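# Breakdown of the fold
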Amino acid sequence: MNSFLDIHKRVYGKKTQTVKLIRHVWKPSGKRVNSIAVTGGALGDEGKGRVTDEVTAEFLEKYPKVIHYRDNGGANAGHTIEIGDKRLALHQLGSGVTQKGCTTILGKEMVLHPEDLVTEILEVKHFIGRKTLPATVYIDEMACLALDTHRAFESVLKKRTSGGKGSTGRGIGPAYADVLYRHPLRMRDLMKRDWKDKVRLHYGLYRDWTRGLGGNLSKEEVPRLGGKPVVVGSEEAFISTLEKPRKILAEYVCSLYDVVDRSWNSTVPMVFEKAQALGLDKRWGVYPDITASDCSFDGIYSSTEGIVDPSRIAVKAGTIKATYTSSVGSRKMPSQMDEPLAHRIREDAYEYGATTKRPRDICYIDLPHLSYLSRVGGLEYIVMTHLDISYPDVPVKVCVGYTYGNKKVGYRPDQEYLDHVTPEYIELPPWDGSKIHDISDFYDLPKEARLYVQFIAESLHVIPLMLTTGPKRHQSIKMYV
Ligand code: IMP
């Protein structure tokens, strides 16, 4: 018998709820106290930013200082946080940036776009109505640059191969490829007196590569945060657009090895906020919809040069949307949701990309997929967001297995394989999501929702850490005391 069905039978067959609140979550034995790392447990946009923002706020109620560390990705990420009635989409900055007492670090293995980063800093200042950022921001001088040249090259490449299809167009793949080709431009290069020489070499290379693919670098249009696309321009024009951001960013750029070392070897709370999600990782995602950075907790180890051992982080959590999965890209998941319901969810949960505004595809909860990601990503805890997306008249449909021919099979990150599997579903009792927004105690949730949380968590071999019941900061249920 299918193991998810066994778990289903066990959970739904019990007369009483068996989920227990977690004690001492920030002080488990043998681990580094007050530390949490959060990554996407599915295909991205599951609300990691919201979770790390909330946990940071919670730590700041008890401690004067929190360190926030982001190790991967760049302007491709879109982390939305809501404060009051206002929504803020963060891309390169960490979610703790609006909080006083937080030090937010953009780590060594990020790829940063200087002009967009400056725009984002201004957007945050405007959002909070202040001239200075509440948080202290540090940018690792070793972080690499993802420039307009990378965006232009990615766009030209996209016309030639399927490789760039589905990308956010933020030049992330080419920027990480520069590292493998051994010629990355780093933040510190931009800070040096001779910065123009390196940038010139870089421009020349991308001009020739782009020309080789039939493009014209100076005339390519690239997206810009909060504005219209711009052309890359001539070598001189490209250099001059970097002039202002390099001066503005200089106050944030420094060597961070000692800061991270001191912080990790203390008890100051540390929040590691990953970008993207395990299902977008190049090893675990479906081509071509994968991103170039390490979306697993291992990336924290390499970005901090081995200072932070992820196995010692107290809480390693993945976020998923409770009752569905959403994504953009050209992959075709077997568990694609039928349109009328997908449309309803897309509108109710505003399922449009935070970076690109593209409508997202909606899938049923797919346990073979999610349990694969939970296993390869080493998840120990789960945060289930959007628990309010459940309609009293629509059963929650969950994929509990795939068959290939007559054989029961699991998920594998291979589109050709996934095209041939047939999903098997069960339907679970729904609850009225519109009535749970203000519930803050797990045991006040309708029984159907409680059983559902337990079933999904047990199926993924993880412990529920937090549930969210609406977009506002207070609309969440903590599963720990
Ligand atoms: P790239 O990171 O721009 O190269 O995009 C590669 C793939 O990852 C595409 O399918 C993107 O839609 C997806 N992607 C990248 N960043 C995010 C994110 O923050 N949320 C969701 N999808 C993302």
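Reference entry: report on the structure contained in this document. Keep in mind that this is a model prediction, so the values were computed, not measured. (Residues numbered from 1 in each chain as written. Predicted model: local features only at pLDDT ≥ 70, side-chain atom pairs only at ≥ 80, totals over all residues. Heavy atoms only, no water.)

What follows concerns the environment of Ser440. Mapping Ser440 onto the fold places it in the loop between β19 (422-428) and α14 (447-459). Linking Ser440 and His474, residues 34 residues apart in sequence, is a C-alpha distance of 8.2 Å. Setting aside anything within four residues of it in sequence, one finds Ser440 in contact with Ser476, Ile477 and Lys478. (Helix = DSSP H or I, 4+ residues; strand = E, 2+ residues; numbered from the N terminus. Contact = heavy atoms within 4.5 Å.)

Considering all chains together, one arrives at 29 salt bridges under this definition. Between Arg283 and Asp281 there is a salt bridge whose closest N-O contact spans 2.8 Å. As a salt-bridge pair, Arg283 and Asp294 come within 2.9 Å of each other at their nearest N and O atoms. Of this pair, Arg283 sits in the loop between β12 (270-277) and α10 (298-303) while Asp294 sits in the loop between β12 and α10, and the two are 11 residues apart along the sequence. (Salt bridge = Lys/Arg side-chain N within 4 Å of Asp/Glu carboxyl O.)

This next bit is on the sheet that holds strand β20 (residues 463-468). Taken in spatial order, the 10 strands of this open sheet run β11-β7-β5-β2-β12-β1-β13-β16-β20-β21, and their pairing is mixed. Each of the sheet's edge strands pairs with one partner strand only, and the pair in question is β11 (253-254) and β21 (476-478). Along the sheet, helix α2 (residues 48-62) contacts β1 (32-40), β2 (66-70), β5 (102-106), β12, β13 (313-321), β16 (381-385), β20 and β21; its crossing angle with β12, the most-contacted strand, is approximately 175°. (Pairing = 2+ DSSP bridges. Axes fitted to C-alpha atoms, helices over the stretch in contact; angles between N-to-C directions.)

Attention now moves to the side chain of Lys274. The topology assignment puts Lys274 in strand β12. Residue class for Lys274 comes out buried when judged on its relative accessible area of 0%. A polar contact is formed between the side chain of Lys274 and the backbone oxygen of Asp294, at a distance of 2.9 Å. Polar side-chain contacts of Lys274 include one of 2.7 Å to the backbone oxygen of Ser296. Once residues lying within four places of it in the same chain are set aside, the contact partners of Lys274 are Val38, Thr39, Lys48, Asp71, Asn72, His79, Asp294, Cys295, Ser296, Phe297, Gly299 and Ile300. (Buried < 20%, exposed > 50% of the residue type's maximum accessible area, 1.4 Å probe, protein only. Polar contact = N/O pair within 3.5 Å; in protein donor to acceptor, adjacent residues only side chain to side chain.)

Limitation: the analysis is restricted to geometry and does not speak to function.
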